[in-house]
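If you want the building blocks of each chain, they are given just below.
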Amino acid sequence: MRVGVIAVQGDFEKHLGALNACGVDGLEVVEVRTPEDLATVDRAIIPGGESTTVGLLMQRYGMAKALQRAAEAGMPIWGTCMGMILMAKTIVGRPQFSLGLLNIEVVRNAFGAQVHSFEDEVKVVGMDTPVLGVFIRAPVVAKLAFPAEILATYRGHVVGVRQGKLLGTSFHPELTDDARLHRYFLDL
């Protein structure tokens, strides 16, 4: 299996390390910067970062259309924090670009600014114990509609969704030692 982490901007290196720490035989993890790179992988992660900037860069260099085509063709794609914002159909109060892949509406910076970042336990559907969620200027899902479904919640807020082979999480599992969500993604 070959997994690509979109390496335009953001915390892509942490995802590379988390995937490699999963200990999956035959797993190859690569940085993806171009549509040509994306065409060589079986699945992709859109990491955290700054959604306005990354959205503009994705449009300018063809990554947006390449990701949309890949999702339509059934490629598993996971967006963390900014990645989930970019995958949403609607971004509340912001006329910014999105890929429109997940049938969700998100609110950016829902827990506050950078200084309000925090870690806490997050309940994930199908996992016996919570995962540690690292929330950094994190979004929340304000609305979701079929076929999107709740994957994770935190204090009444939807912070993780699944729509077929597409995932979105508000938090950063790559910043912890818990690889369960990365393994979950690899098993899609």
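Residues numbered from 1 in each chain as written. Predicted model: local features only at pLDDT ≥ 70, side-chain atom pairs only at ≥ 80, totals over all residues. Heavy atoms only, no water.

**Q** How would you sum up the overall build of the chain? Please name residues and give values.
**A** Check the secondary structure of the chain and you find 6 helices and 12 strands. Relative to the compact-globule value of 16 Å for 188 residues, the chain shows a C-alpha radius of gyration of 15 Å, a close match. Residues classed as buried in the chain amount to 50% of the 188 residues present. Within the chain, residue pairs in contact and separated by at least 24 positions form 67% of the contacts whose partners lie at least 6 positions apart. (Helix = DSSP H or I, 4+ residues; strand = E, 2+ residues; numbered from the N terminus. Rg over C-alpha atoms; globule rule 2.2 N^0.38 Å. Buried < 20%, exposed > 50% of the residue type's maximum accessible area, 1.4 Å probe, protein only. Contact = heavy atoms within 4.5 Å.)

**Q** Explain empty space enclosed by the protein to me, using residue names and the numbers behind them.
**A** Under the counting rule described, the total for this entry stands at 1 cavity of 30 Å³ or more. If you add up the space inside the largest cavity, you get close to 40 Å³. Phe111, Gly112, Ala113, His116, Ser117, Phe118, Phe135, Ile136, Arg137 and Ala138 are the residues that line the largest cavity. Taken together, the residues of the lining of the largest cavity sort by class into 6 nonpolar, 3 polar and 1 charged. (1 Å grid on protein atoms, 1.4 Å probe; cavity = no way out; pocket = protein on both sides within 12 Å on 5 of 7 lines; lining within 4 Å. Points joined across faces, edges and corners; volume = space filled by probe spheres on them. Nonpolar A, V, L, I, M, F, W, Y, C, P; charged D, E, K, R; others polar.)

**Q** Hey, could you go over helix 3 (residues 51–60) for me, with residue numbers and the actual values?
**A** Listed in full, the buried residues belonging to helix 3 are Ser51, Val54, Gly55 and Met58. Looking down the long axis of helix 3, one finds its buried residues gathered within 105° of arc, a one-sided arrangement. Structural note: helix 3 exposes Leu56 and Arg60 on the side pointing more than 90 degrees away from its buried face. The elements touched by buried residues of helix 3 are strand 1 (2–6), strand 3 (43–46), helix 4 (63–72) and helix 5 (82–87). Following helix 3 by one or two positions, Gly62 adopts a phi angle in the positive range, close to 85°. (Arc of directions from axis to C-beta.)

**Q** Give me the lowdown on the packing of aromatic side chains, citing residues and values where you can.
**A** Summed over the entire model, instances satisfying the criterion amount to 8 aromatic pairs. Seen in terms of ring centroids, Trp78 and Phe185 are 5.6 Å apart; in terms of plane orientation they differ by 45°. Their pairing is tilted. Taken as a pair, Trp78 in strand 4 (residues 77–80) and Phe185 in helix 6 (residues 180–186) lie far apart in primary sequence, 107 residues in all. As far as burial versus exposure is concerned, Trp78 and Phe185 are alike and both buried. Measuring from centroid to centroid gives 5.5 Å for Phe118 and Tyr154, while their planes differ by 35°, and the two rings are tilted. On the criterion of sequence distance, the pair formed by Phe118 in strand 7 (residues 118–124) and Tyr154 in strand 10 (residues 149–154) is long-range, its members being 36 residues apart. What makes Phe118 partly exposed here is its relative accessible area of 22%. (Phe/Tyr/Trp six-rings, centres within 6.5 Å; stacked < 30°, edge-to-face > 60°.)

**Q** Account for the side chain of Arg43, with residues named and values stated.
**A** For Arg43, the location among the structural elements is in strand 3. For Arg43, which is buried and forms no salt bridge, the nearest opposite charge comes from Asp42, at a distance of 6.1 Å. A polar contact is formed between the side chain of Arg43 and the backbone oxygen of Leu186, at a distance of 3.2 Å. One polar contact links the side chain of Arg43 to the main-chain carbonyl oxygen of Leu188, over a distance of 3.2 Å. (Lys, Arg positive; Asp, Glu negative; His and termini not counted. Salt bridge = Lys/Arg side-chain N within 4 Å of Asp/Glu carboxyl O. Polar contact = N/O pair within 3.5 Å; in protein donor to acceptor, adjacent residues only side chain to side chain.)

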